[in-house]
Amino acid sequence: MNSPHNCLFCRIVAGQLPSRKVYEDDEMLAFHDIHPKAPVHFLLIPKVHVDSLADCGPGEGAVLAKMMLKVPELARAAGCGNGFRTVINTGPDGGQEVYHLHLHVLGGPRGQWKVPLP
Ligand code: 5GP
Ligand code: ZN
């Protein structure tokens, strides 16, 4: 596992790096992606460091469930009333670049999305 001290998203959680926050509670943080691929593109992460979905076990079950249930609420609040996409890239072949589990939420008019998608 990454040391949280070297982890970009842990540093965002700790306030050591800036982010444009969408939502925060005790267990999770959502912030806008720095290189948006759609008119709405934010990331939802657990505050506790876990490298990827492949590293999750029963101990992460509760926070994962809370994150999934939070997505529609945050997407609606961001203006995605017509739908949205959720993506979790996992591991090298999954295209994961940042090894702190994160869930992409993308939305907005389809014609304005960039390719390749996350
Ligand atoms: P992955 O490919 O790991 O699923 O996605 C990582 C995402 O994190 C990318 O969409 C990338 O644009 C975003 N990202 C990388 N560094 C930063 C950063 O410092 N701040 C923010 N807000 N997003 C970042
Ligand atoms: Zn981390």
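Rules used throughout
- The written sequence of each chain sets the order in which its residues are numbered from 1.
- Chains carry letters and ligands carry numbers; both start at the beginning, A for chains and 1 for ligands, and go up in the order they are written.
- Totals for whole chains, interfaces and linings use all residues, but because this is a predicted model, local features are given only for residues with pLDDT of at least 70 and pairs of side-chain atoms are given and counted only at 80 or more.
- Each side-chain value is derived from all of the structure's non-hydrogen atoms; neither hydrogens nor water enter the calculation.
- Pairing of aromatic side chains here covers Phe, Tyr and the six-membered ring of Trp, requires ring centres within 6.5 Å, and sorts the geometry by plane angle: under 30 degrees stacked, over 60 edge-to-face, intermediate tilted.
- Strands here are runs of E lasting at least two residues and helices are runs of H or I lasting at least four, both read from the DSSP assignment and numbered beginning at the N terminus.
- Working definition: with a 1.4 Å probe on protein chains only, accessible area under 20% of the residue-type maximum means buried, over 50% means exposed, and in between means partly exposed.
- A ring is considered to have a charge above it if a Lys NZ or an Arg CZ atom is located within 6 Å of its centre and within 35 degrees of its normal.
- For this analysis, residues touch if any pair of their heavy atoms sits within 4.5 Å.
- The near set for a molecule or strand comprises every residue that places at least one heavy atom within 4 Å of it.
- Residues adjacent in sequence count toward polar contacts only when both atoms are side-chain atoms; beyond that, a polar contact is any pair of N or O atoms within 3.5 Å, and within protein one must be able to donate a hydrogen and the other to accept it.
- In this description, accessible areas are obtained by the Shrake-Rupley approach with a 1.4 Å probe, and a residue is regarded as covered only by the protein chains that are shown.
- Three categories are distinguished: nonpolar for Ala, Val, Leu, Ile, Met, Phe, Trp, Tyr, Cys and Pro, charged for Asp, Glu, Lys and Arg, and polar for the others, with Gly belonging to the last.

Peer 1: Sorry, what's going on with the packing of aromatic side chains here?
Peer 2: Here the structure, examined in full by the defined rule, presents one aromatic pair. Seen in terms of ring centroids, F9 and F31 are 5.3 Å apart; in terms of plane orientation they differ by 80°. Their pairing is edge-to-face. Of this pair, F9 sits in helix α1 (residues 8-13) while F31 sits in strand β2 (residues 28-32); the two residues are 22 residues apart in sequence, bridging distant segments of the chain. Of the two residues, F9 and F31, neither departs from the other in class, the shared state being buried. Note that R110 overlies the ring of W113, its terminal NZ or CZ placed 4.6 Å from the centroid.

Peer 1: Any chance you could explain the environment of L29 here in plain terms?
Peer 2: As for its placement among the helices and strands, L29 is situated in strand β2. Considered as a pair, L29 and L106 are 77 residues apart in the sequence and their alpha carbons are 16 Å apart. Those residues in contact with L29, other than ones at most four positions away along the chain, are I12, V13, K21, Y23, E24, L43, L44, I45 and K47.

Peer 1: Any chance you could explain the site of ligand 1 here in plain terms?
Peer 2: Residues in contact with ligand 1 amount to 16 residues; listed here are only the nearest, D33, N89, E97, H102 and H104. At 3.1 Å from an oxygen atom of ligand 1 is found a main-chain nitrogen or oxygen belonging to G95. Here ligand 1 has 520 Å² of accessible area as a free molecule, and 84% of this is covered by the chains. Elements with a minimum of two residues in the shell around ligand 1: α1 and β2. The element that contributes the greatest number of residues to the shell around ligand 1 is α1, accounting for three residues. Here the shell around ligand 1 is built from residues that sort into seven nonpolar, seven polar and two charged.

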